[in-house]
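Here is what each chain is made of, one letter per residue.
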Amino acid sequence: MAVTGIETLLFGVEDLAKCTRFFDDFGLTQKSASDEHTHYQLEEGSNVILRPMDDPRVPKSDYLGYGVKKVYWGVDTQENLDELAEKLALKQPIQRDNDGTVHFVTGSGLPSALRVFNRKKVTYAPDPVNAPGNVKRLNTQRKWKTRARPKTITHTVFAVPDPRAEYEWYRDNLGFRMSEEQIGMGFYLRCDGANEHHNLFLINMKFPALPGHPLYHHTNFGVEDIDELMIGTNYMTRKGWNTGPLGSGRHRIASALFSYLECPAGGEAEYGADSDYIDDNWIPREWNQVFATYSWMHKIPAFLGGAQKWEFRLHPEFTPKAEGKADAGWE
Ligand SMILES: [Fe+2]
């Protein structure tokens with residue numbers, strides 16, 4: 001039952017021309033475009049499709065606002081897709097297209113689909129990093145880039161009414177794994193056929209900075225390294241686009257480099273690099289919310305400032321309790 005990652009993100013947008021300009025500048029490659037859509041395809045074969053919000057092909061749901069209105073998850077084989085669809089059909093309505101795509105909604109009502117996806121392996125060759133006494137590049141410069149050209153869709157993020165219930169829905173119906181829990185914030189999930197630290201993050205929609213209803217939050221696009229991430233960000237700001245409130249830095253959770261940009265298609269678009277990669281040997285952890293958010297940021301916003309509480313531990317749900325010892329809380 002291998003779900004391998006995001007096959008397509010279907011966006012409902014307000015201004016197709018402006019959003020197309022954004023993703024062109026962001027570094028995605030157009031496959032086709034018309035007055036009604038823009039279709040980008042990344043090197044791994046995944047897709048970003050933009051359509052005007054009032055296009056009947058953009059599904060309506062409780063997820064309000066512009067942004068991703070439907071997620072198509074890739075499955076490695078038709079056999080595995082059939083197995084997932086049969087299991088799902090026992091619990092809830094599904095619809096099948098002639099091309100084999102299976103449509104459904106998640107526990108919280110997000111329009112979604114499964115489709116066979118031969119996710120192509122992409123090639124990166126990040127420059128080795130030097131440190132005194134640990135020279136990996138001798139008489140060799142780093143690559144000079146002028147643009148970011150993301151090759152993968154790493155993860156997408158939604159604010160949901162009940163992150164635990166939604167996590168359990170993905171776990172029980174699509175075989176997703178928990179990667180981490182960020183206390184008070186939400187759950188990071190990984191597809192069973194993927195090694196990205198997470199392919200989906202479910203945030204509690206009641207989190208103070210959010211409007212309190214289900215919505216699309218952001219998508220992470222994979223680039224090679226910190227140079228591509230920041231060169232892309234510089235290019236975007238030169239083109240008049242704005243960085244998001246968190247700007248750029250390194251998350252402590254997933255060890256991932258990030259750079260957020262406000263996206264006219266809804267939410268934010270994130271360049272990502274140098275994340276942790278994990279498999280089923282990974283033991284999920286639970287994290288203090290602020291501690292998890294960053295190990296450094298180029299500019300720390302006031303609400304994340306101050307001393308961080310060094311609070312994280314192996315997730316109790318995945319670790320047997322020591323005999324005779326009550327749960328002692330944070331280690
Ligand atoms: Fe992200």
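Residues numbered from 1 in each chain as written. Predicted model: local features only at pLDDT ≥ 70, side-chain atom pairs only at ≥ 80, totals over all residues. Heavy atoms only, no water.

All right, on to unusual backbone geometry then. Unlike most non-glycine residues, alanine 254 shows phi in positive territory, near 70°. You can call alanine 254 buried: its relative accessible area is 2%. Even without a glycine there, the phi angle at aspartate 274 is positive, about 55°. Relative to the assigned elements, aspartate 274 resides in the loop between strand E16 (268-273) and strand E17 (285-287). (Buried < 20%, exposed > 50% of the residue type's maximum accessible area, 1.4 Å probe, protein only. Helix = DSSP H or I, 4+ residues; strand = E, 2+ residues; numbered from the N terminus.)

Those protein atoms acting as donors to the iron ion are His155 (NE2), His218 (NE2) and Glu270 (OE), and they sit at 2.1 to 2.2 Å. According to the relative accessible area criterion, histidine 155 is buried, its value standing at 6%. Residue classification places glutamate 270 among the buried positions, given a relative accessible area of 2%. (Donors = N, O, S within 2.8 Å, 3.2 Å for Na, K, Ca; no water.)

With that out of the way, let us pick up the nonpolar core. Among the nonpolar cores identified, the biggest contains 58 residues, and Phe11, Phe23, Phe26, Trp73 and Tyr170 are the most heavily contacted of them. Not counting residues within four places of it along the chain, the set of residues in contact with phenylalanine 26 comprises Ala148, Pro150, Phe221, Met236, Leu261, Ala269, Glu270 and Tyr271. Met205, Leu210, Leu215 and Ala292 belong to the second largest nonpolar core, which has 16 residues in total. (Core = buried A, V, L, I, M, F, W, Y, C linked by side-chain atoms within 4.5 Å. Contact = heavy atoms within 4.5 Å.)

Here we take up the pattern of salt bridges. This model, assessed by the stated rule, comprises 20 salt bridges. For aspartate 225, the salt bridge is made with arginine 142, and the minimal N-O distance between the two is 3.3 Å. Placement of aspartate 225 in the loop between strand E13 (215-222) and helix H4 (226-238) and of arginine 142 in the loop between strand E8 (111-116) and strand E9 (152-160) is noted, with a sequence separation of 83 residues between them. Arginine 171 serves as the salt-bridge partner of aspartate 172, at 2.8 Å between the closest nitrogen and oxygen. (Salt bridge = Lys/Arg side-chain N within 4 Å of Asp/Glu carboxyl O.)

Let us now look at the sheet that holds strand E1 (residues 3-13). Reading across the sheet, the eight strands line up as E2-E3-E4-E1-E5-E8-E7-E6 and stay open at both edges, with mixed pairing between neighbours. One side of each edge strand has no neighbouring strand; the edge strands of this open sheet are strand E2 (30-33) and strand E6 (95-96). Summarising the sheet, strand E5 (residues 67-75) and E8 pair through five bridges and their orientation is parallel. Bridge pairing links valine 75 to valine 116 in E8. Across the face of the sheet, helix H1 (residues 16-26) comes into contact with E1, E2, strand E3 (38-41) and strand E4 (47-52) while running at roughly 15° to E3. Here helix H2 (residues 78-89) sits on the sheet in contact with E1, E5, E6, strand E7 (102-105) and E8, set at roughly 150° to E8. (Pairing = 2+ DSSP bridges. Axes fitted to C-alpha atoms, helices over the stretch in contact; angles between N-to-C directions.)

Between its terminal C-alpha atoms helix H3 (residues 163-174) stretches 16 Å, which fits the 16 Å expected from 12 residues at 1.5 Å a residue. Among all positions in H3, only Pro163, Glu166, Tyr167, Trp169, Tyr170, Asn173 and Leu174 are buried. Down the axis of H3, the buried side of the element spans an arc of 155°, and every buried residue falls inside it. Following H3 by one or two positions, glycine 175 adopts a phi angle in the positive range, close to 75°. (Expected span 1.5 Å × (residues − 1). Arc of directions from axis to C-beta.)

Two elements in contact, H2 and H3, have axes separated by 9 Å at closest approach and are oriented at 120°. When the axis of H2 is compared with that of H3, the two are oblique. Taking contact as the criterion, the partners of Leu84, Lys87 and Leu88 in H2 are, on H3, Trp169, Asp172, Asn173 and Leu174. Here the residues of the contact of H2 with H3 sort into four nonpolar, one polar and two charged. (Parallel < 35°, antiparallel > 145°, perpendicular 65-115°, else oblique. Nonpolar A, V, L, I, M, F, W, Y, C, P; charged D, E, K, R; others polar.)

Compared with an ideal rise of 1.5 Å per residue, which puts 13 residues at 18 Å, H4 spans 18 Å between its outermost C-alpha atoms and is within 8% of the ideal. By the burial criterion, the buried members of H4 are Glu228, Leu229, Gly232, Thr233, Tyr235 and Met236. Looking straight down H4, one finds its buried side chains confined to an arc of 160°; they lie on one side. Packed against the buried residues of H4 are H1, strand E14 (243-250), strand E15 (257-262) and E16.

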